[in-house]
Amino acid sequence: MIKYICRKCNINAESSLCPNCGERTEIAESSVYWCDKCNIPLYDEVCPLCGKQAHRICSDLRPVFPEERLLLEVILGEPFKYKDESVWNASGNIYYANGKRVRFSVSQTLEIDAKEIRRQIEALSPQNSYDRFDYYIDKFLIANRKRYDYITQESMEYIRSITKDCDPKEMFVSFSGGKDSTVVSDLVLRALGTQQILHIYGDTTLEFPQSTDYIKRFRKEHPKTPLVTSRKDV
């Protein structure tokens, strides 16, 4: 559940647009809930899948991919302990497995042998799996579909409203290849109904190989979207 406030009108709102002045609002309060039966986070207090009452777990949450989960387990000295569990990360680097907090502190990373951790990761990675991760993510998406459909539609309407007097040739998407800019790219292309919006990729020359590979895939999957690279060579 997310609550908004309009600083201009000084009133609470139910969406990111003020019902009074039409300006963008700010998030005043955010709550993420956990369904113990379905083992997933929710944006509603009642689970849409099972109908059970959920409980508040934090204000923000993101999925922990199997690679990060394995790293966490190796640091804790318990490889694959949470392999079959629903693992998420809250702000402040707080980890949850099946809704219960994992006993972990960032300060623990100061005491580890990085070379040994890397050795174990390389040895254990072939045994790692996305099976349970995909299972919980699919369930999470189904349970929160109403919320995501709403914010997607709201975002696309906002994009159309602020670009209605603009020439598409004058627009561009600042594209890093990360999750945020990828979502922005998808919303912009869908909202404007065209693939031909310029994307500018800022190459800092310090990019991970995975980022470079993703940019290549993006070009291949979006042949009608112009993507140029901006790089300042030192």
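Note: the structure precedes this text.
What you see is a predicted model, and the numbers here were worked out from it, not measured in a lab.

All right, on to the overall build of the protein then. Tallying secondary structure elements over the protein gives six helices and 13 strands in all. Principal-axis analysis of the C-alpha atoms gives the protein an extent of 60 × 50 × 30 Å. Sequence-distant contacts, at least 24 apart, represent 59% of the contacts inside the protein between residues at least 6 apart. For the protein, the accessible surface area stands at approximately 15,200 Å², while carbon and sulfur atoms represent 50% of it. Computing the positive centroid from 34 side-chain charges and the negative centroid from 34, the protein places the two 1 Å apart.

Ile40, Leu42 and Leu61 are the most contacted members of the largest nonpolar core, which totals 22 residues. Counting residues per element, the ones that place at least two in this core are strand S4 (32-35), strand S5 (40-42), strand S6 (55-58), strand S8 (87-90), strand S9 (94-97) and helix H3 (131-143). Considering each element in turn, this core owes the most residues, five residues, to H3. Here Ile40 is in contact with Tyr33, Trp34, Cys35, Leu49, Tyr136, Lys139, Phe140 and Ala143, once residues within four sequence places are set aside. Formed by 14 residues, the second largest nonpolar core is a distinct cluster that contains Val64, Ala97, Ile117 and Leu124.

Inspection of the entire model under this criterion finds one cavity of 30 Å³ or more. Quantified by volume, the largest cavity comes out at close to 120 Å³. Residue lining of the largest cavity: 15 residues in total, with Val64, Glu85, Ser86, Val87 and Phe133 positioned closest to the centre. Mapped by element, the contributors of at least two residues to the lining of the largest cavity are helix H1 (66-76), S8 and H3. For the lining of the largest cavity, the leading source of residues is H3, giving four residues. Of the residues contributing to the lining of the largest cavity, the split by class is nine nonpolar, two polar and four charged.

Through backbone hydrogen bonds, the strands of a sheet pair up, either in parallel or in antiparallel fashion. Sheet architecture is open: three strands sit in the order S5-S4-S6, paired in antiparallel fashion. The open sheet has two edge strands with one neighbour each: S5 and S6. When the angles between neighbouring strand axes are averaged without regard to direction, this sheet yields 50°.

Counting across every chain of the model gives ten aromatic pairs. Seen in terms of ring centroids, Tyr43 and Tyr148 are 5.9 Å apart; in terms of plane orientation they differ by 80°. Their pairing is edge-to-face. Of the two residues, Tyr43 sits in the loop between S5 and S6 while Tyr148 sits in helix H4 (residues 145-163), which places them 105 residues apart along the sequence. Among the aromatic residues, ring-to-ring pairing joins Tyr43, Trp88, Phe140 and Tyr148 into one connected group. Positioned above the aromatic ring of Phe80 is the side chain of Lys83, whose terminal nitrogen or guanidinium carbon lies 5.2 Å from the ring centre. Of note, Arg132 hangs over the ring of Tyr135, and the distance from its end group to the ring centre comes to 4.5 Å.

Rules and cut-offs
- Residues numbered from 1 in each chain as written.
- Predicted model: local features only at pLDDT ≥ 70, side-chain atom pairs only at ≥ 80, totals over all residues.
- Heavy atoms only, no water.
- Helix = DSSP H or I, 4+ residues; strand = E, 2+ residues; numbered from the N terminus.
- Contact = heavy atoms within 4.5 Å.
- Areas by Shrake-Rupley, 256 points an atom, 1.4 Å probe, with all protein chains shown as cover.
- Lys, Arg positive; Asp, Glu negative; His and termini not counted.
- Charge placed at Lys NZ, Arg CZ, Asp CG, Glu CD.
- Core = buried A, V, L, I, M, F, W, Y, C linked by side-chain atoms within 4.5 Å.
- Buried < 20%, exposed > 50% of the residue type's maximum accessible area, 1.4 Å probe, protein only.
- 1 Å grid on protein atoms, 1.4 Å probe; cavity = no way out; pocket = protein on both sides within 12 Å on 5 of 7 lines; lining within 4 Å.
- Points joined across faces, edges and corners; volume = space filled by probe spheres on them.
- Nonpolar A, V, L, I, M, F, W, Y, C, P; charged D, E, K, R; others polar.
- Pairing = 2+ DSSP bridges.
- Axes fitted to C-alpha atoms, helices over the stretch in contact; angles between N-to-C directions.
- Phe/Tyr/Trp six-rings, centres within 6.5 Å; stacked < 30°, edge-to-face > 60°.
- Lys NZ or Arg CZ within 6 Å of the ring centre and 35° of its normal.

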